[in-house]
Amino acid sequence: MAFTWSKTIYMGLDPIFLTELSISIIIFSTIASSKKSRVSKIKTADNEIFEVEEAVATMSNTIKIMAGDCSGGVIPLNNVHSTIFARVIEWCKKHVDDGEDLEYYKGALKNCDATFFEVDQAVLYHLLTTANSLDIKPLLHQGCQRFVDMINGKTVEEIRQLLHIKNDFTNEEEDETRKKLWSSVVGMNSFILL
Amino acid sequence: MDGVGESSESGSGESSSHLIKNEAFRDEESCPKQVSPIRGGGSRNTSPLGRVGSRNTSPSRQKVIKTKPRGLDEETVATFGKAVHPDVQMEDNIWAMLPEDLLNEILARVPPFMIFRLRSVCKRWNSILQDNSFLKFHSQVPSHGPCLLTFWKNSQTPQCSIFSLPLKTWYRVPFNFLPQWAFWLVGSSGGLVCFSGLDGLTFKTLVCNPLTQTWRTLPSMNYNQQRQLIMVVDRTDKSFKVIATSDIYGDKSLPTEVYDSKIDTWTVHQIMPAVNLCSSKMAYCDSRLYLETLSPLGLMMYRLDSGYWEHIPAKFPRSLLDGYLVTGTQKRLFLVGRIGLYSTLQSMRIWELDHAKIMWVEISRMPPKYFRALLRLSAERFECFGQDNLICFTSWNQGKGLLYDVDKKVWSWIAGCALQSYNSQVCFYEPRFDASVH
């Protein structure tokens, strides 16, 4: 990298210090650029190319397998749109270092993830299908939790309308399944905030 | 980023979520170095100096930008918070196109109590949700979220209500299968719930799975005495153990007995080394049982593999009242109790055991307003229990519980009809379809 040093910076500094400083900057940038070198190229359905660090991209098992087949070339994802893919990569970057952290599985999302999933239903749907097709288990898990939050509190009829499911129970059968052992005692939000 | 959402003073869940939202906006402005969708190809500049150049929140930084080295590309600002690109489909019936395997993944994450309601949606879902292979898949999801189980006897009829934390709903669960003698709730682990009681003169124990309504009385112990009990489940091994320690009245010195479900018998182990008074405060952590002794105030540890007790020389905080031992995740052990003899100066604190240095380190303190709301009188009793880094406080006199999340450092209240019964026993419970009583 070439620098043009402004005179106001190095006025008053001795030459030896300046040389050491510039050497360490060159070393640093070399290290930084060498870390950058393992990059995967991914092409989405609308012909946009993403350059993503390999560690981040291979959080998706599908991409991992395809990278092995393509060996350095551009990985084509024919059913993922660039907007959704950008969001997915956003999430992957935040979670690349999580490893086997089972924080996701505790039920509640971390603070940063809660805002990530505050999206409308269309985006949530595409996030879920993309996480499923790209096989990113932790993202799928979190997205499913969000979906569960969405249907929690809805009546059975509302769930049917949301998912466009036809009710094929007869009236008697429906009464029977409803008169089950389990019933909600109090269906309201029991957290009282003081 | 960090800090704001974790403040214990913020308290209520609503306000902390507002704080989270504000934090997200600040994130965008101050650190625009995020992923940006690339338009028309081209590579992304991820150089470290590029990041410095685009952060310009304060006037003092303006000078740095003026002397920024030339030749670096500007970074495009993230579009993370912007409106959805019109290419993404926004049809009304979008969920109708849900693929089968994705539906299974979603249903597997549904907490067990909601599964029962979803069986009424349609016949196909009814058959999926009762299918054994689906239930197995459902059980393999590590956790659906903890619940609180409350148990009390209403003139001989057992009553049980379960509060599901992820669903924020109370469920009444029938416990008609429970024999008359089952009176004390020992605890719950891995989906099983353990009860004990006196059947005539015999002290008996029982395990059950409330979800599948299965139960089994365990064989009698070698020494027929009312004992302090604790149950632990090993999910990888698909077995459970019940450990019987000291006599309830503390006047008999009994050998520790351990029930192992794999061999279905109680085995006798070491008598606890001489202490004058053992408390009922126990916690099981990392295959070791910790027990608090009252006279003198100390910590004893029982190793399950060796079957021996040893004394842990961790000094307890001075003037500690009502110390409770609580297990956390990954070998963490907490001590919860009140400090201070005078009501105006009392505070509720939480310590964590530093296993290496063998000392109690204070990690948190209950904010005064919660303390005052929980215990109006200084002499009031309370119960404290917990698991998975959640600690719950219930007051004997008032029908409410206070929940503390150790990781997020958030306090929140739980109220409900079941907690109002003065003699209800409460514990954390994890509903599981695959917890077997055998």
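These numbers come from a predicted model, not from an experiment.

### Comments concerning the domain arrangement of chain B
Residues and elements named next belong to chain B.
Now for step 1: Parsing chain B into structural domains produces domain 1 (100-139) and domain 2 (142-429).
Now for step 2: Using only C-alpha atoms to locate each centre, domain 1 and domain 2 end up separated by 32 Å.
Now for step 3: Listed as interface residues are 10 residues of domain 1 and, on the opposing side, 10 residues of domain 2.
Now for step 4: Across the interface of domain 1 and domain 2, roughly 800 Å² is buried in total on both sides, 79% from carbon and sulfur atoms.
Now for step 5: Looking only at domain 1, the three residues that lose the most surface to domain 2 are Pro111, Pro112 and Phe113, adding up to 65% of its buried area.
Now for step 6: On inspection of domain 1 and its partner domain 2, the count reaches 0 salt bridges.

### Section: the sheet that holds strand 15 (residues 308-312) of chain B
Residue and element names in this part refer to chain B.
Now for step 1: Strand order in the open sheet formed by 4 strands is 12-13-14-15, with antiparallel pairing between adjacent strands. Each edge of the open sheet carries a strand with a single partner, namely strand 12 (277-285) and strand 15. The mean inter-strand angle of the sheet, taken between neighbouring strand axes irrespective of direction, is 30°.
Now for step 2: In the sheet, strand 12 pairs with strand 13 (residues 288-295) via 6 bridges, with the strands oriented antiparallel. From the neighbouring strand, alanine 283 faces strand 13, where its bridge partner is tyrosine 290.

### Some thoughts on the sheet that holds strand 21 (residues 390-395) of chain B
Residue and element names in this part refer to chain B.
Now for step 1: Spatially, the 4 strands line up as an open sheet ordered 20-21-22-23, and their pairing is antiparallel. Looking at strand neighbours, the two that pair on one side only are strand 20 (382-387) and strand 23 (410-415), the edges of this open sheet. Strand after strand, the sheet turns through a mean of 20° between neighbouring axes, direction not considered.
Now for step 2: Note: strand 21 against strand 22 (residues 400-405), 5 bridges, orientation antiparallel. Counterpart to cysteine 392 in the pairing with strand 22 is leucine 403.

### As for helix 8 (residues 137-151) of chain A
Think of an α-helix as 3.6 residues a turn; residues three or four steps apart then line up on the same face.
Residue and element names in this part refer to chain A.
Now for step 1: Taking 1.5 Å of rise per residue, 15 residues should cover 21 Å, and helix 8 covers 21 Å from first to last C-alpha, within 8% of that figure.
Now for step 2: Burial analysis of helix 8 places 12 of its 15 residues in the buried class, which makes it a mostly covered element.
Now for step 3: All of the buried residues along helix 8 are Pro138, Leu139, Leu140, His141, Gln142, Gly143, Cys144, Gln145, Phe147, Val148, Met150 and Ile151.

### Some words on the nonpolar core
Now for step 1: Membership of the largest hydrophobic core comes to 85 residues, with the highest contact counts inside it found for Trp95, Leu118, Trp125 and Phe195 of chain B.
Now for step 2: Aside from chain neighbours lying at most four places away, what touches tryptophan 125 of chain B is Ile159, Leu163 and Ile165 of chain A together with Leu103, Leu107 and Leu118 of chain B.
Now for step 3: Counting 21 residues, the second-largest nonpolar core is a separate cluster that includes Val336, Leu374, Cys384 and Trp413 of chain B.

### Focus: the packing of aromatic side chains
The description of an aromatic ring pair uses the distance of the two centres, along with the angle that the planes make with each other.
Now for step 1: What the rule picks out here adds up to 23 aromatic pairs over all chains.
Now for step 2: Look at tyrosine 125 of chain A and tryptophan 95 of chain B: their rings are 5.2 Å apart centre to centre, the planes differ by 85°, and that puts the pair in the edge-to-face class. A residue pair is termed interchain when its members come from two chains, as with tyrosine 125 of chain A in helix 7 (residues 121-133) and tryptophan 95 of chain B in the loop between helix 3 (62-66) and helix 4 (100-108). Neither tyrosine 125 of chain A nor tryptophan 95 of chain B differs from the other in exposure class; each is buried.
Now for step 3: An aromatic cluster is present here, built from Tyr324, Tyr370, Phe382, Phe393, Tyr404, Trp411 and Trp413 of chain B joined pairwise through their rings.

### Quick word on a nonpolar patch on the surface
Residue and element names in this part refer to chain B.
Now for step 1: On the surface, Leu277, Leu294 and Leu297 cluster together into a nonpolar patch covering about 240 Å² of accessible area.
Now for step 2: Take leucine 277: it is sitting in strand 12.
Now for step 3: A relative accessible area of 38% places leucine 277 in the partly exposed class.

### Section: the side chain of arginine 160 of chain A
Now for step 1: With respect to the helices, strands and loops of the structure, arginine 160 of chain A is situated in helix 9 (residues 156-163).
Now for step 2: Overall, the relative accessible area of 4% leaves arginine 160 of chain A in the buried class.

### A word on the environment of leucine 124 of chain A
Now for step 1: With respect to the helices, strands and loops of the structure, leucine 124 of chain A is situated in helix 7.
Now for step 2: C-alpha separation for the pair leucine 124 of chain A and leucine 18 of chain A, spaced 106 residues apart in sequence, amounts to 53 Å.
Now for step 3: Contact partners of leucine 124 of chain A, with chain neighbours within four places excluded, come to Phe117, Val119, Gly143, Arg146, Phe147 and Met150 of chain A together with Trp95 of chain B.

### As for the pairing of strand 1 (residues 39-43) of chain A
All names here are of chain A.
Now for step 1: Along strand 1, the buried face is formed by Ser40 and Ile42; none of Val39, Lys41 and Lys43, which line the opposite face, is buried.
Now for step 2: By the bridge criterion, 5 bridges tie strand 1 to strand 2 (residues 49-53) in an arrangement that is antiparallel. In the sheet register, valine 39 faces strand 2, and the bridge partner there is glutamate 53.
Now for step 3: Hairpin connection of strand 1 to strand 2: 5 residues between the antiparallel strands, including asparagine 47 at a positive phi of 60°.
Now for step 4: Two elements, strand 1 and strand 3 (residues 74-76), share 3 bridges in a ladder whose sense is parallel. Across the sheet, residue lysine 43 finds its bridge partner in strand 3, namely proline 76.

Cut-offs applied
Residues numbered from 1 in each chain as written. Chains lettered and ligands numbered in written order. Predicted model: local features only at pLDDT ≥ 70, side-chain atom pairs only at ≥ 80, totals over all residues. Heavy atoms only, no water. Domains from an automatic or database assignment. Contact = heavy atoms within 4.5 Å. Buried area = accessible area lost by both parts, 1.4 Å probe. Salt bridge = Lys/Arg side-chain N within 4 Å of Asp/Glu carboxyl O. Pairing = 2+ DSSP bridges. Helix = DSSP H or I, 4+ residues; strand = E, 2+ residues; numbered from the N terminus. Axes fitted to C-alpha atoms, helices over the stretch in contact; angles between N-to-C directions. Expected span 1.5 Å × (residues − 1). Buried < 20%, exposed > 50% of the residue type's maximum accessible area, 1.4 Å probe, protein only. Core = buried A, V, L, I, M, F, W, Y, C linked by side-chain atoms within 4.5 Å. Phe/Tyr/Trp six-rings, centres within 6.5 Å; stacked < 30°, edge-to-face > 60°. Patch = residues over 30% accessible without salt bridge, like charges linked within 9 Å, V, L, I, M, F, W, Y side chains within 5 Å. Areas by Shrake-Rupley, 256 points an atom, 1.4 Å probe, with all protein chains shown as cover.

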